[in-house]
Amino acid sequence: MEKKTNRSGRILVVLGTALILLALGLLAYNENEQRRAARISGEVLQQMQLVHENTNAGQDAPEPGEEMPEAVIDGERYIGRLNIPALELQLPVLSQWSYAGLKKAPCRYSGSVVGKNLVLLGHNYKSHFGPLERLKTGDEVLFQDMNGTVQHYEVAAINTVKPTETEQITAGEYALTLFTCTYDGQYRTMVGCDVLEAE
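The present account deals with the structure reproduced in this document. (Residues numbered from 1 in each chain as written. Predicted model: local features only at pLDDT ≥ 70, side-chain atom pairs only at ≥ 80, totals over all residues. Heavy atoms only, no water.)

### Topic: the overall build of the protein
Rules: Runs of H or I in DSSP of at least four residues are treated as helices and runs of E of at least two as strands, each being numbered from the N terminus. Working rule for contacts: check all heavy atoms of both residues, and any pair within 4.5 Å makes them a contact. Using a 1.4 Å probe, the Shrake-Rupley method yields the accessible areas, and only the shown protein chains count as cover for residues.
The number of helices and strands found in the protein is three helices and nine strands. Starting at the N terminus and ending at the C terminus, the protein contains elements arranged as α-β-β-β-α-β-β-β-β-α-β-β. Taking as baseline every contact in the protein between residues at least 6 positions apart, the subset at least 24 positions apart corresponds to 59%. Counting every atom, the protein has about 11300 Å² of accessible surface; 52% of that belongs to carbon and sulfur.

Okay, structure coming up:
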């Protein structure tokens, strides 16, 4: 009986050790992905600055119905940069969302600046949309398109919604909506922003 108990104890210790090693491996993988995403975003922002300097920055914003201006950087199409001063975040924004794209930068999920229904999706990396839940009503959010036109927004609402409630995210209630997964992946953090003014 004692032998059987010792064997069971050893099995539990081995299983526990394996689970701890697996958790540490997952943590290291996630941290590596987060660092990689931060590096890529930083490099794209530098190249985006060069694009703005070498093009007719500050030209008129698109008319309603026109597509948002884009620039190709490292083979990816970008529509602009997002600046959230309260979180000290500046991020490039990809034109269309994909799982591969989300590993590099936040993506346009739907809508446009001109349509006042722009929805941006980002991973919950701490260098991307992870800190969104720290925003407060009234915080400023800026979006600069590839022509250099800056749109100012103000945070109007911060909500947690179920993954199945995407219609709330894309309903167009806000001029700009940012969303990401919560850290446990069970819900979505959604930040709705109203227009302040255009430069």
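Don't stop here, the text continues.
### Re a negative patch on the surface
Which entries qualify depends on this criterion: For patch detection, residues must exceed 30% relative accessible area and be free of salt bridges, and they are connected within 9 Å for like charges or within 5 Å for nonpolar side chains (Val, Leu, Ile, Met, Phe, Trp, Tyr). The working definition used for a salt bridge is a side-chain nitrogen of Lys or Arg within 4 Å of a carboxyl oxygen of Asp or Glu. Only four residue types enter the tally: Lys and Arg on the positive side, Asp and Glu on the negative side, with His and both chain ends excluded. In this description, the location of a charge corresponds to atom NZ of lysine, CZ of arginine, CG of aspartate or CD of glutamate. Only protein chains enter the calculation, and the probe is 1.4 Å; a residue is then buried if its accessible area is under 20% of its type maximum, exposed if over 50%, and partly exposed in between.
Side chains of Glu140, Glu154, Glu173 and Asp194 sit close together on the surface and give a patch of like negative charge. Along the chain, Glu173 turns up in the loop between α3 (166–169) and β8 (176–181). Classification of Glu173 as exposed rests on a relative accessible area of 57%.

### A look at the pairing of β8
Under the convention used in this document: When DSSP locates at least two bridges between a pair of strands, those strands are taken to pair.
In terms of burial, β8 is largely enclosed, as five of its six residues are buried. Both strand β5 (residues 118–121) and β8 contribute to a ladder of four bridges, which runs parallel. When the bridges of β8 are listed, Val119 appears paired with Thr177.

### Focus on the pattern of salt bridges
The tally for this structure, following the rule as stated, stands at four salt bridges. A salt bridge links Glu43 to Arg39; its shortest N-O distance comes to 3.5 Å. Separated by four residues within a single helix, Glu43 and Arg39 lie in helix α1 (residues 2–54), roughly one turn from each other. The partly exposed category is assigned to Arg39, whose relative accessible area is 46%. Arg77 is the partner of Glu70 in a salt bridge, and the nearest nitrogen-oxygen pair spans 2.5 Å. Taken together, the shared-partner salt bridges in this structure form one network comprising Glu70, Arg77 and Arg108.

### Some thoughts on a nonpolar patch on the surface
Among the surface-exposed residues, Ile11, Leu12 and Leu15 lie close enough to one another that they form a single nonpolar patch of about 310 Å² accessible area. Relative to the assigned elements, Leu15 resides in helix α1.

### Section: unusual backbone geometry
In this structure, Asp74 is a non-glycine residue whose phi angle is positive, near 50°. Positionally, Asp74 belongs in the loop between β1 (71–73) and β2 (76–84). Within the chain, Glu88 stands out as a residue other than glycine whose phi angle is a positive 55°. Summarising the element assignment, Glu88 is placed in the loop between β2 and β3 (89–94). Accessibility expressed as a relative area gives 75% for Glu88, which makes it exposed.

### Quick notes on the packing of aromatic side chains
This is how the line gets drawn: Put simply, two rings from Phe, Tyr or Trp (the six-membered ring, in Trp's case) pair if the centres are within 6.5 Å, and we call them stacked under 30 degrees between planes, edge-to-face over 60, tilted for the rest.
The final tally for this structure, using the stated rule, is three aromatic pairs. Taking the centre distance of 5.1 Å and the plane angle of 85° together, the rings of Trp97 and Tyr99 count as edge-to-face. Trp97 gets classed as partly exposed once you look at its relative accessible area, which sits at 32%. Among the aromatic residues, those joined into a ring-pair cluster are Trp97, Tyr99, Tyr109 and Phe179.

### Description of the pairing of β2
In the case of a regular strand, side chains alternate between the two sheet surfaces. One ladder, built from three bridges, connects β1 with β2; its direction is antiparallel. Residue pairing for β2: Val72 is matched across the bridge by Arg77. Here β1 folds back onto β2, and the loop between the two strands holds two residues, one of which, Asp74, carries a positive phi near 50°. As paired strands, β2 and β3 are joined by six bridges and run antiparallel to one another. Looking at β3, one finds that Leu82 is bridged to Leu91. The antiparallel pairing of β2 with β3 creates a hairpin that spans four residues between the two strands, and Glu88 there sits at a positive phi of about 55°. Two strands pair when backbone bridges link them, and β2 and strand β6 (residues 140–145) are joined in this way by four bridges, in the antiparallel orientation.

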